[in-house]
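# Summary of the model geometry
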Amino acid sequence: MERRKFLGLGLAAVALAPVTLSALDFRAEKPDTWTAHKVQDAIKALYGDAKITESGDISLKIPKVASNGGAIPVNIKTTIDAKTVALFQDANPESAVAVFNVVEGSIPEYSTKIKMQASGSITVVVQDKAGNLFSVSKKLEVALGGCEG
């Protein structure tokens, strides 16, 4: 019985604790980003006309050849003091894939799987706290028929 009281009080304390996490709804705030057909148009809709610099401080790991275009693993990591990390691709009708809002003190490292209907490029854009933009891009071959060749 004591264990139930402890768990009940613990859950009540968690429920009453102030929540400091928040998420921005980039789909509502920047709707043109999600309907853009070209990567550059999606980046412009999200960040405006800011200059983008290629950076070696962004790690983008993807396979060179994906045997299944329906589940391509993408790993992103950066040492930049990031505000946002955005992921784009140029093989599907809409270019924007995801935008991550980096919470203060967190490590900007993301792993996801994306879908690409054909071979193309994957681009990551990192916005730092000062508003500067950095990017990295890699090409990816999607094997037709799932046979890696």
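Residues numbered from 1 in each chain as written. Predicted model: local features only at pLDDT ≥ 70, side-chain atom pairs only at ≥ 80, totals over all residues. Heavy atoms only, no water.

## Considering the packing of aromatic side chains
Stated precisely, the cut-off is as follows: Pairing of aromatic rings covers Phe, Tyr and Trp, the last counted by its six-membered ring, and requires centre-to-centre distances within 6.5 Å; plane angles under 30 degrees mean stacked, over 60 mean edge-to-face, and any other angle means tilted. The way it works is that DSSP assigns letters per residue, a run of H or I at least four long becomes a helix, a run of E at least two long becomes a strand, and they are numbered from the N terminus. Summary of the burial criterion: residues with accessible area below 20% of their type's maximum are buried, those above 50% are exposed, and those between are partly exposed, where the area comes from a 1.4 Å probe applied to protein chains only.
As enumerated under the stated definition, the model contains one aromatic pair in all. Consider the rings of Phe100 and Tyr110, whose centres lie 4.1 Å apart with planes at 10 degrees: the pair is stacked. Residue Phe100 is located in strand E6 (residues 96-101), and its partner Tyr110 is located in strand E7 (residues 109-114); the two are separated by 10 residues in the primary sequence. Of the residues examined, Phe100 reaches a relative accessible area of 22% and is grouped as partly exposed. Here Tyr110 falls in the buried class, since its relative accessible area comes to 17%.

## Regarding the pairing of strand E9 (residues 133-142)
Applied cut-off: By definition, two strands form a pair when at least two bridges between them are found by DSSP.
Where strand E1 (residues 52-54) and E9 come together, three bridges link them in parallel fashion. In the sheet register, Glu54 faces E9, and the bridge partner there is Ser135. Two strands pair when backbone bridges link them, and strand E3 (residues 65-66) and E9 are joined in this way by two bridges, in the parallel orientation. Residue pairing across strands places Ala66 opposite Val142, the latter belonging to E9. Across eight bridges, the pairing between strand E8 (residues 120-128) and E9 is antiparallel. Residue pairing across strands places Val125 opposite Ser135, the latter belonging to E9.

## Considerations on the pattern of salt bridges
Pairing between side chains of opposite charge can happen when the charged atoms of each approach one another. Here is the rule: Whenever Lys or Arg places a side-chain nitrogen within 4 Å of a carboxyl oxygen from Asp or Glu, that contact is recorded as a salt bridge.
Per the stated rule, a full pass over the model turns up three salt bridges. Close ionic contact of Lys44 with Asp49 constitutes a salt bridge, the shortest N to O distance being 3.6 Å. As a salt-bridge pair, Lys129 and Glu104 come within 3.2 Å of each other at their nearest N and O atoms. Of the two residues, Lys129 sits in the loop between E8 and E9 while Glu104 sits in the loop between E6 and E7, which places them 25 residues apart along the sequence. Residue classification places Lys129 among the partly exposed positions, given a relative accessible area of 37%.

## Structural notes on the sheet that holds E7
Rules: To get an axis, a line is fitted to the C-alpha atoms, and for a helix only the part in contact is used. The angle between two axes follows their N-to-C directions and goes from 0 to 180 degrees.
Taken in spatial order, the three strands make up an open sheet running E2-E4-E7, and their pairing is antiparallel. Bordering the open sheet on either side are strand E2 (58-61) and E7, each of which pairs with just one other strand. For this sheet the average axis-to-axis angle between neighbouring strands, irrespective of direction, equals 15 degrees. Bridge count for strand E4 (residues 72-78) against E7 is six bridges, and the pairing is antiparallel.

## A few points about the pairing of E2
What you see with E2 is a clean split: Ile58 and Leu60 sit on the buried side and Ser59 and Lys61 on the side with no burial. As paired elements, E2 and E4 share four bridges and run antiparallel to each other. Its bridge partner lying in E4, Ile58 is registered against Thr78.

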